[in-house]
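# Residue-level structure breakdown
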Amino acid sequence: GPLFERLIGALHGHPKLHAGTTTSAYRNKASYLLGDEFPGQNPMCDPVLNRVAACLQRLAAAAGGGCEGPAWVQVDLKLTRTGDVGVKLLLRGYAAGDPTPWLATLLSDCHEVKSVCVQPCPVGSKEKPAKSPWDPRYVDPIPVHGPPYVIELAPGPEGCPGVPFRLSHDAFSEVNSSAEDAMFKHVFKWAAKLRSECPRLALMGRNSGFYGLALQRELKFDEVRGCTHCPQTAADAEASIEMHAGTDWLPGGSETFKFTRISKSGFFTQMKALAGGPPTIVHVTNNRHGLADGVVEALAENSVIRAVVYNSCNHKCLPREWTQLCAAGFEVVEFSSSDLLAGTEFDSSIFLLLRRPRTLILPIGPPASGKSALARGLASAGAAWGEVIEPRKGSAASRGSDLVEVFERDRRFSQERAGPGGLRCAKARTHAALLAALDSASRQTSSVFYVDSTNGACSARAAYRDALGPERVVFLLLGLDGLQEDTAEQAVLQRVLERHRSSKCPAHELRQWEDVARDGLGPKIRRLLQAVEAPQAEELRAAGDRSEAIEVLSCGTLPSEGDLEALVWRLFLLICCPVLYRIEDPPVLPLLRSAPAVCLGDGPRIALCFLTSQRAASRPSCGSPLWNDVAWEWLPGGF
């Protein structure tokens, strides 16, 4: 839905969520065409890579463009954190055992070069071997100097060197150490907080080997699993695990860190295989098309997966994946974008998904105050504000994108009126259906339940909380200012009539108000307004005493269309992306003149005063600083 599209832009564009680095883009890894198409120096790359590439271009020119011996096509370079350079040279017509007269000059002029391989290109063609080692057209590079790999360092905690690991020429590698460090700092912090409740770490994708080693050295998980479909990356990971086998953080070697090479379609199976095991942190890395088929579903369905650390190099696939993951009960609790792929069409980021707390949303307000519109907008992630949400099969509640369960009390009551027993029995059956839906949702750990009703009675709200057992309660206060004033009845009546004339008015509401109109709408609305009990501090305290987190969103007057859009965005952030909910400036809405205070106990009052030094020292027209000793003295007295 549109809200997920908006969310991606808001996250990647927020300055507080960006890990700024001194370098960007492909700083430590680059490819250069050789010969007539040599591009010259690449300003984004490290100067060492440009210097090695320039040396190879001179050697290519001296070789005569293939007139005598192999033709020079391209060079791929990798610069490690320790300053070593790996070289993979593409030569057309080269065969194993052919002389390499140029090698001595390269090593003499470029002391950083520690590994050189040649990848033969087919003769009589402009084709080059496939880039990916799992592609049938891939040609294994031939070592001509040193091993066919370099030793790289994984990102480490701030100020500490990383874990050494083996890196072959066509295995995935870091492209920008500065950006990788900024991202790993977040990953390490998030994983450290979860380590006590999650004894197992599972990683999938091209960086699962060195990321797994880096996290395992610092956090010492009981078990680590990794997998990839790239044969070179898998071989590097297995060799790197063997390098550190027997250390205090990898005592069992490959028994502690189990690494598996899988088929390209095997990631789903690896995620499913975690079922039945201990609570697990999963680290995933997408490609330019998103996660592999079936992985999102496996993450959502597997209850042992408590957290997902998602390393993304492409933002375009995220709205679709987050639609599924948030509907399955995950929420984005941490997020950081980076300059890893700056200058390209792809925004890179790292974020943490956790299972959300079971949530009850209680809108409280008169008729036509936007309660149903908010429910439909939220349930559809902004795609359908006016359409009625069809009931989920086998459930008394309704559904949209599965993001939230909505129980439309008026709609259910309209259906029950067709049954026996008159109004009294219809009300009883409606209430029983609501409690049954709440009981069903209470057995889902991350459910979000929205009671679409006036919810005016404090006792009813307490009953709903008891039935659901939520970990978080959201009080949504709509149009509660001046309900007892004479103008309130007329304002609500006008809203009801406008909604009745709307083409989007659901059939059950049309029937309801047509029945009431025969006896006069005024008395009906007056009774509803008089019955609304706004939550007071005592009710909020009672919720807090039950270890429920409390959120209060309010619009003092009857919300306008713009107010409703702002409120549904805040509700959406609250249940899907708390990290942005915490830092984004809330919308400016009409305030409640008597807003209830969230009072969670009788303790000391604490004032937190945040001022920049510039503002604290600035002098207005009166000549005194805005914040001075008099202001400090006021705090313990006046406050």
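Attention in this report is confined to the structure presented alongside it.

## Concerning unusual backbone geometry
Located in the positive-phi region is Ala368, a residue other than glycine, with phi close to 65 degrees. Among the secondary structure elements, Ala368 is positioned in the loop between β16 (359–364) and α10 (371–379). Although it is not a glycine, Ala381 sits at a positive phi angle of roughly 55 degrees. When you line up the elements, Ala381 lands in the loop between α10 and β17 (405–408).

## Considering the pattern of salt bridges
Under the criterion given, the structure shown has 20 salt bridges. Lys78 is the salt-bridge partner of Glu152, the closest N and O atoms lying 3.1 Å from each other. Here the residue Glu152 occupies a position in strand β7 (residues 149–153), and Lys78 occupies one in strand β3 (residues 71–79), the gap between them amounting to 74 residues. The exposure class assigned to Lys78 is buried, which follows from its relative accessible area of 8%. Across the pair Asp236 and Arg166 runs a salt bridge whose closest N-O atoms are separated by 2.8 Å. Highlighted residues: Asp236 in helix α6 (residues 231–243) and Arg166 in strand β8 (residues 164–168), separated in sequence by 70 residues. Here Asp236 falls in the buried class, since its relative accessible area comes to 3%. Among the ionic contacts, a cluster of salt bridges with common partners joins Arg461, Arg465, Glu539 and Glu548.

## Some points on the side chain of Ser349
Tracing the chain through its elements places Ser349 in strand β15 (residues 348–355). On the basis of relative accessible area, Ser349 is assigned to the buried category, the value being 0%.

## Regarding the packing of helix α11 (residues 409–416) against helix α12 (residues 422–442)
Where α11 contacts α12, the two axes come as close as 9 Å, and the packing angle between them is 130 degrees. Relative to α12, α11 is oriented oblique. By crossing handedness, the relation of α11 to α12 is classed as right-handed. The segment α11 lies against α12, with Arg409, Arg412, Phe413 and Glu416 engaging Leu423, Ala426, Lys427, Arg429, Thr430, His431, Ala433 and Leu434. In terms of residue class, the contact of α11 with α12 is made up of 5 nonpolar, 2 polar and 5 charged.

## What to know about the sheet that holds β17
Pairing within the open sheet is parallel, and its 5 strands lie in the order β17-β18-β16-β19-β20. Pairing within the sheet leaves two strands with one partner each, and these edge strands are β17 and β20 (549–555). In this sheet, adjacent strand axes meet at a mean angle of 15 degrees when their direction is disregarded. Pairing of β16 with strand β19 (residues 472–478), which is carried by 6 bridges, proceeds in the parallel orientation. Along β19, the bridge assignment pairs Thr359 with Arg472. Most of the contacts of α11 go to β17, to which it runs at about 50 degrees, and overall it touches β17 and β18 (448–452). Where helix α18 (residues 561–576) meets the sheet, it contacts β16, β18, β19 and β20, and its direction lies at approximately 175 degrees from that of β19.

About the thresholds
- Residues numbered from 1 in each chain as written.
- Predicted model: local features only at pLDDT ≥ 70, side-chain atom pairs only at ≥ 80, totals over all residues.
- Heavy atoms only, no water.
- Helix = DSSP H or I, 4+ residues; strand = E, 2+ residues; numbered from the N terminus.
- Salt bridge = Lys/Arg side-chain N within 4 Å of Asp/Glu carboxyl O.
- Buried < 20%, exposed > 50% of the residue type's maximum accessible area, 1.4 Å probe, protein only.
- Axes fitted to C-alpha atoms, helices over the stretch in contact; angles between N-to-C directions.
- Parallel < 35°, antiparallel > 145°, perpendicular 65-115°, else oblique.
- Left-handed = near helix turned anticlockwise from the far one by under 90°.
- Contact = heavy atoms within 4.5 Å.
- Nonpolar A, V, L, I, M, F, W, Y, C, P; charged D, E, K, R; others polar.
- Pairing = 2+ DSSP bridges.

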